[in-house]
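Each chain is listed here by its residues.
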Amino acid sequence: MNETSPAVAAAIAGAFGALVGSFLNVCIYRLPIGTSVVWPASACPHCRREIEWFENIPIVSYLVLRGRCRTCRQPIGMRYPIIEAITAAMFAAAWWFYGPSLLLVSRLIFGCALIVLFAIDLEHHLLPNVITLPLIVVGFVLSFFTEPGWIDSLIGILVGGGSLLLMFYAYLAVRKREGLGMGDPKMLAMIGAFLGWKMTIVALMFASFAGSLFGVTMMATRRGSLESMLPFGCFLAVGAAVAATVGPAVVGWYLGFL
Ligand SMILES: [Zn+2]
């Protein structure tokens, strides 16, 4: 059999990723409202007409339909093609970097979870337990067979969950109200399960830095107060993605300066 060139293989992985992205869109839409992600078939949220298979081709259908429902002409959210494109890019890049391996599987499951959590937290200010809790278990089980190893993963779960739980109660004690949701500690515990404790700390640092930078920018441009900021889960998702990809290089570079 001929060897498929790496670029072709990455492109196939990307196309598969777009299909997975389409399913992630279903999860993002249905998990917060508590309906099944496998039944019934997708329908237009405006006219309730069932979506045909040819209207459901990732990215392509959105472009062909010019972002509108074929029947009622109501706009289809930009979120759909964006999620599909990001997932496609992630699958292609992950295949390119990891090749066929259990680490690839682990990183893709983790990445899909981050995408869904980011989108749901952005829209609903919610990090559903139905994603975070089972994935803590999945990440921990996978860690027996691939990076970061089960001890690192276990400490990651405890450090991740514990640190944000401490912050949650510290904020509550000082400000007399909740600054973080209870979903955030579970999400960071999930990040710990997949990335291990060192990269969990890196992810939290990146998230806090990105969050502060965003908050300062928003206030400087007078677009909103600290209260109207993006939910922290969005920053955690970005921080974890950065930690998973360039985290070790950044830590190595930083330690080189000490
Ligand atoms: Zn419609």
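Placed above this text is the structure.
These numbers come from a predicted model, not from an experiment.

### Quick notes on the nonpolar core
Argument step 1. Ranked by internal contacts, the top residues of the largest apolar core, which has 47 residues, are F110, L114, M187, M190, I191 and L236.
Argument step 2. Put simply, the parts of the chain that give this core at least two residues each are α1 (6-30), α3 (79-98), α4 (102-124), α5 (129-142), α6 (150-175), α7 (183-220) and α8 (232-257).
Argument step 3. Looking at this core, the element that brings in the most residues is α7, giving 13 residues.
Argument step 4. Ignoring sequence-local partners within four residues, the contact set of F110 consists of M190, I191, F194, L195, A240 and A244.

### Some thoughts on the pattern of salt bridges
Charged atoms that come close allow side chains of opposite charge to pair.
Argument step 1. If you walk through the whole model with that rule in mind, you get five salt bridges.
Argument step 2. Between E55 and R49 there is a salt bridge, and its shortest N-O distance comes to 2.9 Å.
Argument step 3. A salt bridge links E55 to R70, with the nearest nitrogen and oxygen atoms 3.1 Å apart. Here the residue E55 occupies a position in the loop between α1 and α2 (60-64), and R70 occupies one in the loop between α2 and α3, the gap between them amounting to 15 residues.
Argument step 4. In this structure E55 comes out as buried when scored by relative accessible area, which is 10%.
Argument step 5. If you follow the salt bridges from partner to partner, you end up with R49, E55 and R70 in one network.

### Focus: the packing of aromatic side chains
Argument step 1. Counted under the stated rule, the structure contains eight aromatic pairs.
Argument step 2. Here F16 and F91 contribute two aromatic rings whose centre-to-centre distance is 5.9 Å and whose plane-to-plane angle is 70 degrees, an arrangement assigned as edge-to-face. Of this pair, F16 sits in helix α1 while F91 sits in helix α3; the two residues are 75 residues apart in sequence, bridging distant segments of the chain.
Argument step 3. When its relative accessible area of 48% is taken as the criterion, F16 is described as partly exposed.
Argument step 4. Overall, the relative accessible area of 7% leaves F91 in the buried class.
Argument step 5. Relative to F54, the ring of W53 has its centre 5.7 Å away and its plane inclined at 90 degrees; by these criteria the two rings are edge-to-face.
Argument step 6. The exposure class of W53 is exposed, given its relative accessible area of 67%.
Argument step 7. F54 gets classed as partly exposed once you look at its relative accessible area, which sits at 37%.

How each quantity is defined
Residues numbered from 1 in each chain as written. Predicted model: local features only at pLDDT ≥ 70, side-chain atom pairs only at ≥ 80, totals over all residues. Heavy atoms only, no water. Core = buried A, V, L, I, M, F, W, Y, C linked by side-chain atoms within 4.5 Å. Buried < 20%, exposed > 50% of the residue type's maximum accessible area, 1.4 Å probe, protein only. Helix = DSSP H or I, 4+ residues; strand = E, 2+ residues; numbered from the N terminus. Contact = heavy atoms within 4.5 Å. Salt bridge = Lys/Arg side-chain N within 4 Å of Asp/Glu carboxyl O. Phe/Tyr/Trp six-rings, centres within 6.5 Å; stacked < 30°, edge-to-face > 60°.

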